[in-house]
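A closer look at the structure
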2 protein chains.
Amino acid sequence: MEWMIIGILGPEGSYTEKAAKQWNKMGDLHYYDDIQDTVEAVLRNEVDYSIVPVENSLEGSIPLTLDLLMEHQLKIAGEVIVQISHCLLSKGRLSGIKVVMSHPQALSQCRKFIKMHFRNTEVRPVLSTSLAAKLASGSKDIAAIASVESAQRYGLEILEENIQDINENHTRFIVVGKETPHPTGNDKTSIIIYLQKNRPGALFEILKEFANKSIDLTKIESRPTKKFLGDYLFHIDLRGHIEDKNIKETLEKINSKVGMLKILGSYPAAR
Amino acid sequence: MEWMIIGILGPEGSYTEKAAKQWNKMGDLHYYDDIQDTVEAVLRNEVDYSIVPVENSLEGSIPLTLDLLMEHQLKIAGEVIVQISHCLLSKGRLSGIKVVMSHPQALSQCRKFIKMHFRNTEVRPVLSTSLAAKLASGSKDIAAIASVESAQRYGLEILEENIQDINENHTRFIVVGKETPHPTGNDKTSIIIYLQKNRPGALFEILKEFANKSIDLTKIESRPTKKFLGDYLFHIDLRGHIEDKNIKETLEKINSKVGMLKILGSYPAAR
C-alpha cells in the first residue's frame, strides 16, 4: 500500500481530519490554516493530495473551493461525505460564556441555537471549528461550536450536543491531486463550463446534450466569472468517468459549443 | 410622492444605505443589524420595504438572502446595483494597525491586499463593513475595510483606496415588500423551483420551456433544500413580468411539471 502525505484544513480535530480518516488512502496528515493554503500545498509539492470541504447540505457550496478549482490546474481525485454534528464546547460553565467562536458556516448552521442562548453574547467567527476549540481550551469565557473529536483533542467539556438547526447535516469534501484515478464503475466527473454567449437557451443546449445521452447530473452550480455582474461559470457534477465512451463523446460535443470547458477530474463516488 | 419607511442593513454608511439612496423611492431609513432582521422587518410591519444584498460580482450569491426568500412569503419589489469600492480606513497609522475588521465578503474581496500587508495581523470578520468602520472609530489599533461614505460618517482617514483584488466590483441589492409592482416594460421576474424528481434531464425540461419561448434567463443558482446532501432548489431570474402573457403561460406550464414553483415577484430591472 502506498503511503501518502495528505494536506488538510486544520488544526487537529477538524471535520476535514474526519474526512481524511474516512478516505480510502492512508497517509501522514499535514495541517494548513485555510482552504487556499491547503489546496495550494499540492501545487507547492508539499503533499500528494489535499482534502477540503466543497459543499454542505445546509449551507451549500463553499465558494472559495469552487473558485480555486477554476483558478488552478488540479484534478479532483476523490470525494468523502462526512456527517456533521456540532457541539457547544467549553472549559467553563454555560452561564459564564462571554464569547462564542466557530467557523462562519458552523455559526450559520446553529443560527437558531445561538439566537436562543446567546442573544447578548459576542459571537466571533474564526477560521475553523477546530481553531475555535483550540482557543476555547485557553479560557473559561470562551465556548466553541465544533465536533466531539475536537472536544477530546483539546480537553473541553461538551455542554450541549447536536446543536445545529437541522439535524441532517453532511459536508462533502473533495480530494485534490494531480492525476485522474482509473474508472471503478461508480464514478463521478466534475467540469466547469463557460457559455460563449449569454443568450436565451445557451445553458439549455448544453443540458440537452447530457439529457440526450441519459447522463445524470448530480449538481449544477453557478459562480461569477468575476468579470462583471451577471456573467457566470457553471460547475457541473455528473455520474460517469471521463474514460466512459458516452461521457467522453458528450464532453467533446459540448466542448465545441461552449466558450470554455474545464475538466476537473473523474473520481470514485462517495459511498 | 409616497413617503416610505425602508429597512436597511446598517449601521449608517453601509453599502446598503448607498443602495437605498440609489433606489427610485424615497423614505426614512431604519437600520438593522443583520440580513435576517432586515428582511423580517417587513413581516413585522416595521417597514414598507427592506433592502438587502443578494449577489456580488466577485463573491457570488449571498446564501442567507436566497434562503430567506424561500422561507418567507415576501415579494421582490425592486433591484439596485451598487458599485463597490473598498478602502482601508483608520484613525491610526498603517504601521500601528493590530486588527483589520470587515464583513467576511469584503475581507474575501481584498484577500490579496490583506495577504500582502497584514500577514501577521489579526483579521476579524464582523457583521458589516460599516460596523467595522464604527468600531475603528474607537481605536487607533483598528483598521476597517469599508466604503468612502463610512470614512466620512465615522471620521476615519482613508489609508488606501480601491483595495479589492479585482476592480470591477458590483453588488446587486433587492428590495423586498409585500406586493408586486406593475409592469414597466423593462422588468425581471424571480422564481424558485423544486424538481419533483432528481432524474437526468429534469432541469433540462424546465429550461426547454423558457428556451421555446425565447425567455431570457439572467441567472440560475442552486441552493440546498436542507433535507439531504445533493437535493437542490433552483433560483431563477428571467427577463419579463409575470403579467406578460408569454411569461405567465410558460410559468403555468412549468408549474404542472415541477414539485414546487414559488414566484418571488416581478420588478423593474436595474439600469
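These figures come from a predicted structure and were not determined experimentally.

A look at the interface of chain B and chain A
- Contacts between chain B and chain A engage 35 residues on the former and 35 residues on the latter.
- Residue assignment for the side of chain B that touches chain A shows that the elements contributing at least two residues are strand S11 (170-177), helix H8 (202-212) and strand S13 (217-224) of chain B.
- Per element, the largest residue contribution to the side of chain B that touches chain A is 7 residues, and it comes from S13 of chain B.
- Tallied by class, residues from the side of chain B that touches chain A come to 18 nonpolar, 8 polar and 9 charged.

Re the relation of the copies chain B and chain A
- Superposition record for chain B on chain A: RMSD 0.0 Å, screw rotation 180 degrees, translation along axis 0.0 Å. Taken together, the turn and the small shift mark the pair as related by a two-fold rotation axis.
- Comparing contact sets, 100% of the residues at the interface of chain B also lie at the interface in chain A, consistent with an isologous, same-surface contact.

Quick word on the domain arrangement of chain A
Residue and element names in this part refer to chain A.
- According to the domain assignment, chain A consists of domain 1 (4-83 + 170-177), domain 2 (87-160) and domain 3 (187-268).
- The C-alpha-based centres of domain 1 and domain 3 are spaced at 23 Å.
- Mapped by element, the contributors of at least two residues to the side of domain 1 that touches domain 3 are helix H3 (63-71) and strand S5 (75-83).
- Tallied by class, the residues present in the side of domain 1 that touches domain 3 amount to 6 nonpolar, 2 polar and 3 charged.

Regarding the sheet that holds S13 of chain B
All names here are of chain B.
- Spatially, the 4 strands line up as an open sheet ordered S13-S14-S12-S15, and their pairing is antiparallel. Strand pairing shows two members of the sheet lacking a second neighbour, S13 and strand S15 (260-268), which therefore form its edges. Direction aside, the axes of adjacent strands within the sheet are offset by 15 degrees on average.
- One ladder, built from 6 bridges, connects strand S12 (residues 187-194) with strand S14 (residues 232-239); its direction is antiparallel. Of the residues in S14, the one forming a bridge with Ile192 is His235.
- Each of S12 and S15 is contacted by helix H9 (residues 245-255), which is oriented at about 160 degrees to S15, the strand it contacts most.

Considerations on helix H1 (residues 15-22) of chain A
- In terms of burial, H1 of chain A is largely enclosed, as 6 of its 8 residues are buried.
- Looking at H1 of chain A, one finds that the buried residues are Tyr15, Thr16, Glu17, Lys18, Ala19 and Ala20 of chain A.

Considering the environment of Leu264 of chain A
Residues and elements named next belong to chain A.
- Locating Leu264 in the fold gives a position in strand S15 (residues 260-268).
- Counting along the chain gives 20 residues from Leu264 to Asp244, while the straight-line C-alpha distance between them is 16 Å.
- If we skip the residues at most four places from it in the chain, Leu264 touches Leu69, Lys75, Ile76, Ser190, Ile191 and Ile192.

A short note on the environment of Glu46 of chain A
Residues and elements named next belong to chain A.
- Along the chain, Glu46 turns up in the loop between helix H2 (35-43) and strand S3 (49-56).
- On the neighbour-count criterion, Glu46 (14 C-beta atoms within 10 Å) is partly exposed.
- Not counting residues up to four positions away in its chain, the partners in contact with Glu46 are Gly7, His30 and Ala41.

Here's the deal with unusual backbone geometry
- In this model, Gly10 of chain A is joined to Pro11 of chain A through a cis peptide bond whose omega is -5 degrees.
- Position of Pro11 of chain A relative to the elements: it lies in the loop between strand S1 (4-9) and H1.
- Residues other than glycine seldom take positive phi values, yet Lys226 of chain B does so here, at roughly 75 degrees.
- With respect to the helices, strands and loops of the structure, Lys226 of chain B is situated in the loop between S13 and S14.

A word on the sheet that holds S15 of chain A
Residues and elements named next belong to chain A.
- Ordered in space as S13-S14-S12-S15, the 4 strands form an open sheet in which the pairing is antiparallel. Of all the strands in the sheet, the pair left with one neighbour each is strand S13 (217-224) and S15. Recorded for the sheet is a direction-independent mean angle of 15 degrees between the axes of neighbouring strands.
- The sheet contact formed by S13 and strand S14 (residues 232-239) spans 7 bridges and is antiparallel.

Considerations on the packing of helix H2 (residues 35-43) of chain B against helix H3 (residues 63-71) of chain B
Residue and element names in this part refer to chain B.
- Between H2 and H3, the least distance of the axes is 10 Å, while the angle of their chain directions is 30 degrees. Taken together, H2 and H3 sit at an angle that is classed as roughly parallel. The two elements H2 and H3 cross, and the hand of that crossing is right-handed. Counted together, Ile35, Gln36 and Val39 of H2 and Leu64, Thr65 and Leu68 of H3 form the full contact between these two elements.
- Taken together, the residues of the contact of H2 with H3 sort by class into 4 nonpolar, 2 polar and no charged.

About the cut-offs
Residues numbered from 1 in each chain as written. Chains lettered and ligands numbered in written order. Predicted model: local features only at pLDDT ≥ 70, side-chain atom pairs only at ≥ 80, totals over all residues. Contact = placed C-beta atoms within 7 Å. Helix = DSSP H or I, 4+ residues; strand = E, 2+ residues; numbered from the N terminus. Nonpolar A, V, L, I, M, F, W, Y, C, P; charged D, E, K, R; others polar. Least-squares fit on C-alpha atoms with pLDDT ≥ 70 in both. Domains from an automatic or database assignment. Pairing = 2+ DSSP bridges. Axes fitted to C-alpha atoms, helices over the stretch in contact; angles between N-to-C directions. Buried ≥ 20, exposed ≤ 12 C-beta atoms within 10 Å, placed from the backbone. Parallel < 35°, antiparallel > 145°, perpendicular 65-115°, else oblique. Left-handed = near helix turned anticlockwise from the far one by under 90°.

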